[in-house]
Amino acid sequence: MAAPGGAGPSGPPPPVFPPSQSPHLNAQYIENYNFPFCEEVSKYEKLAKIGQGTFGEVFKARDKKNKGKIVALKKVLMDNEKEGFPITALREIKILQLLRNENIVNLIEICRSRATQYNRHKSTFYLVFDFCEHDLAGLLSNYNVKFSLGEIKKVMQQLLNGLYFIHSSKIIHRDMKAANVLITKQGILKLADFGLARAISINKSGQPNRYTNRVVTLWYRPPELLLGERNYGPPVDMWGAGCIMAEMWTRSPIMQGNTEQHQLTLIAQLCGAITPEAWPGVENLELYSKLDIPKKPRRVRERLRPYVKDQYAVDLLDKLLCLNPARRIDANSALDHDFFWTDPMPVSLEKMLSQHTQSMFEFLAPRRLSGTQHRMGGQQGALAGGGGGAASASGAVGQGMMPGGAIGGGPIGAAGPVMGGVAGGGPSSSGVGGVVAAAAAAGGAVGRHGHHHGRGRASHSHSSAGGGGGIVPEGSYMDRVF
Ligand SMILES: Nc1ncnc2c1ncn2[C@@H]1O[C@H](COP(=O)(O)OP(=O)(O)OP(=O)(O)O)[C@@H](O)[C@H]1O
Ligand SMILES: [Mg+2]
């Protein structure tokens, strides 16, 4: 017998879907349908909101049956979906399933809310992760959290280990930043947020790849992406690792551009003129001749030294913040660097973190500025202002902000909220197919997720006072976290 609307006896088997004539029966069928491999999110009890991403909220939650089990629930934003489960979330799930490693956030399962008449029979989906107590942006914005040199080494060693693993697995993260680096209370670092990650294409035809270059939050975006390169690779993550490493001492993002042009200006002021001598082939990049980049000497070492006393650390930073992606150090060589193999050796963070009983997340950090506030503020980041002859966009100090600081023992500039999404610089997700299979189980057709990944929300809002030694003194407003 053919199902209503189905094919005749000689046709294909009847669709599994219920009869469509009776809306009431349909509703009941959907409400009672038990999706295999996709449990109800009601098995968890939400405890607190800990993150607000572009694609949805993140909650801390507890397993009702196993009360000791704490998880993070990342909601899949479906609001704009007309065509079913977002392809970007599918891609994130597929990549997370592939990447199992101590330094990568662990995806436990996907859960759904029950479809009822109250949500117009549209389930909400959640990615369920092992809970991590902190993110690095939250930790860095709290001046009571002090990292010793050995602890900074441990953070960077684990971060590079995670990158080594994902790059060996032919994945590029494409959104390295402190808020996407999680740290458990045992001091284990986990790379998170694979919402923009993608597999590296194996290009047999010899044609260059044409990935989108509108990825990576502006402040962590490497020069090749800013210049329009579409055939890029793992070095984009290594640049971000360099920015994060410097932030371990400066405590705020080192280059906080307002626009792509401004970001490149800040990069050139720190890393030197972007020329074919420093970077053979750069002249062929689409935006090389279109953008106005200052011709400055490279000053990475001089400008970092007031913050970073350790010579090996400065040397590694210099190699991570290399303009030419082909010559930028890779994760494997970085792990071999003397920085990790000289005294003080990397040391576990567990003891230091045991002094802090409260979770620290970027989202929960006090005095966060919204993505729209202070947009015009000329913040340039921790290393800004010391380069002399700052770009035109960089002089003014935004209302309500701490003055931007000069490098060399002076105060560090307040971190502004100027994110990638502002001024057209927002990274966006590129569409890639191929991960369709899970979609059916997840409850719908696969739709292209045309959502921009512009991070309009606040970044770190810490207005820090930096000491020459790089460890920030006590007594800031950050005390209010506790
Ligand atoms: N497993 C986890 N444990 C604890 N906190 C987490 C976990 N996963 C995510 N978070 C918190 O939620 C925040 C947002 O998560 P995530 O970066 O994955 O979402 P997102 O929507 O992609 O965010 P964005 O688009 O802003 O980068 C993280 O910065 C972190 O603070
Ligand atoms: Mg994120």
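Note that the structure is a prediction, hence the values are computed from the model and not measured. (Residues numbered from 1 in each chain as written. Chains lettered and ligands numbered in written order. Predicted model: local features only at pLDDT ≥ 70, side-chain atom pairs only at ≥ 80, totals over all residues. Heavy atoms only, no water.)

Caption draft 1: Focus on the overall build of the chain. When helices and strands are tallied, the chain shows 12 helices and 13 strands. Taking all 482 residues of the chain together, the buried fraction comes to 53%. Of the roughly 20,400 Å² that the chain leaves accessible, carbon and sulfur atoms contribute 54%. (Helix = DSSP H or I, 4+ residues; strand = E, 2+ residues; numbered from the N terminus. Buried < 20%, exposed > 50% of the residue type's maximum accessible area, 1.4 Å probe, protein only. Areas by Shrake-Rupley, 256 points an atom, 1.4 Å probe, with all protein chains shown as cover.)

Caption draft 2: Examining the confidence of the model for the chain more closely. Here the chain averages 77 in pLDDT, and 72% of its residues register 70 or above. Contacts from residues 1-9, a stretch scored under 50 in pLDDT, to residues over four places away or in other chains number eight contacts. (pLDDT = per-residue confidence, 0-100. Contact = heavy atoms within 4.5 Å.)

Caption draft 3: Structural view of the coordination of the magnesium ion (ligand 2). Donor atoms from the polypeptide that bind the magnesium ion (ligand 2) are N180 (OD1) and D193 (OD), placed at 2.1 to 2.2 Å. Here N180 is found in the loop between β9 (171-172) and β10 (181-183), whereas its partner D193 is found in the loop between β11 (189-191) and β12 (198-199), with 13 residues between them in sequence. The exposure class assigned to D193 is buried, which follows from its relative accessible area of 17%. (Donors = N, O, S within 2.8 Å, 3.2 Å for Na, K, Ca; no water.)

Caption draft 4: The sheet that holds β11, seen in detail. What the three strands build is an open sheet, ordered β8-β10-β11; its pairing is antiparallel. Sheet topology places β8 (134-135) and β11 at the edges, where each strand pairs with a single neighbour. Looking at chain direction, β10 and β11 are connected through three bridges and run antiparallel. Bridge pairing in β11 places V181 opposite L191. Together, β10 and β11 form the strand contacts of helix α4 (residues 149-168), whose direction differs from that of β11 by roughly 35 degrees. (Pairing = 2+ DSSP bridges. Axes fitted to C-alpha atoms, helices over the stretch in contact; angles between N-to-C directions.)

Caption draft 5: Broad picture of the environment of K153. As for its placement among the helices and strands, K153 is situated in helix α4. By relative accessible area, K153 is classed as buried at 0%. As for K153 and W341, which are separated by 188 residues in sequence, their C-alpha atoms are 9.6 Å apart. Discounting chain neighbours no more than four positions away, the residues touching K153 are F339, F340, T342, D343, P344, M345 and P346.

Caption draft 6: Seen up close, the pattern of salt bridges. Inspection of the entire model under this criterion finds 17 salt bridges. Here R114 ties to E40 by a salt bridge, and the two come within 2.7 Å at their closest N and O atoms. Residue R114 is located in the loop between β6 (107-112) and β7 (125-130), and its partner E40 is located in strand β1 (residues 39-40); the two are separated by 74 residues in the primary sequence. Residue classification places E40 among the partly exposed positions, given a relative accessible area of 22%. One salt bridge connects K185 with E133, and the closest N-O pair in it is separated by 3.9 Å. Remark: E133 occurs in the loop between β7 and β8 and K185 occurs in the loop between β10 and β11; sequence separation between them is 52 residues. Residue K185 is classed as partly exposed on the basis of its relative accessible area of 48%. In this structure E133 comes out as buried when scored by relative accessible area, which is 17%. (Salt bridge = Lys/Arg side-chain N within 4 Å of Asp/Glu carboxyl O.)

Caption draft 7: Just the nonpolar core, in detail. Membership of the largest hydrophobic core comes to 106 residues, with the highest contact counts inside it found for L136, F147, L159 and W249. Of all the elements, helix α6 (residues 235-250) adds the most residues to this core, at 10 residues. Domain assignment of the residues forming this core places at least three in each of domain 1 (23-131) and domain 2 (135-354 + 431-481). With nine residues, the next largest nonpolar core counts V41, Y44, C111 and V128 among its residues. (Core = buried A, V, L, I, M, F, W, Y, C linked by side-chain atoms within 4.5 Å. Domains from an automatic or database assignment.)

Caption draft 8: Main features of the side chain of R174. Looking at where R174 falls in the secondary structure, it is placed in the loop between β9 and β10. The charged side chain of R174 is buried without a salt bridge, its nearest counter-charge being D237 at 7.3 Å. Within the structure, R174 has its side chain in polar contact with the side chain of Y232 (distance 2.8 Å). (Lys, Arg positive; Asp, Glu negative; His and termini not counted. Polar contact = N/O pair within 3.5 Å; in protein donor to acceptor, adjacent residues only side chain to side chain.)

Caption draft 9: Geometry of the packing of aromatic side chains. Overall, the coordinates contain four aromatic pairs when judged by the stated rule. A centroid spacing of 5.2 Å and a plane angle of 70 degrees characterise the contact between Y211 and Y232, whose relative ring orientation is edge-to-face. One end of the pair, Y211, is in the loop between β12 and α5 (223-226); the other, Y232, is in the loop between α5 and α6, and 21 residues separate them in sequence. In this pair, the class of Y211 matches that of Y232, namely buried. Taking NZ or CZ as reference, K46 lies 4.2 Å from the ring centre of F59, over its face. (Phe/Tyr/Trp six-rings, centres within 6.5 Å; stacked < 30°, edge-to-face > 60°. Lys NZ or Arg CZ within 6 Å of the ring centre and 35° of its normal.)

Caption draft 10: Inspection of the sheet that holds β1 at higher detail. With mixed pairing, six strands are arranged side by side in an open sheet as β1-β6-β7-β4-β3-β2. In this open sheet, the two edge strands, each paired with only one partner strand, are β1 and β2 (44-53). Pairing analysis gives two bridges linking β1 to β6, with the strands arranged parallel. Bridge assignment links E39 to a residue of β6, and that residue is C111.

Caption draft 11: Examining unusual backbone geometry more closely. For the bond running from D343 to P344, omega is -10 degrees, close enough to zero to count as cis. Located in the positive-phi region is D193, a residue other than glycine, with phi close to 60 degrees. Not every positive phi belongs to a glycine, and V216 is a case in point at roughly 75 degrees. Following the sequence through the fold, V216 ends up in the loop between β12 and α5.

Caption draft 12: Structural detail: the side chain of S359. Residue placement: S359 occurs in the loop between α11 (350-354) and α12 (437-441). Within polar-contact distance, the side chain of S359 engages the backbone oxygen of E133 at 2.6 Å. For S359, the contacting residues outside a window of four places in its chain are F131, E133 and H134.

Caption draft 13: Local environment of the packing of α4 against α6. Direction vectors running N to C along α4 and α6 enclose 170 degrees, while the axes themselves pass 11 Å from each other. The orientation of α4 with respect to α6, classified from their angle, is roughly antiparallel. As α4 runs across α6, the sense of the crossing is right-handed. On the side of α4, the interface is formed by L149, I152, V155, M156, L159, L160, L163, I166 and H167, while α6 contributes D237, M238, A241, I244, M245, M248 and W249. When its residues are assigned to classes, the contact of α4 with α6 shows 14 nonpolar, one polar and one charged. (Parallel < 35°, antiparallel > 145°, perpendicular 65-115°, else oblique. Left-handed = near helix turned anticlockwise from the far one by under 90°. Nonpolar A, V, L, I, M, F, W, Y, C, P; charged D, E, K, R; others polar.)

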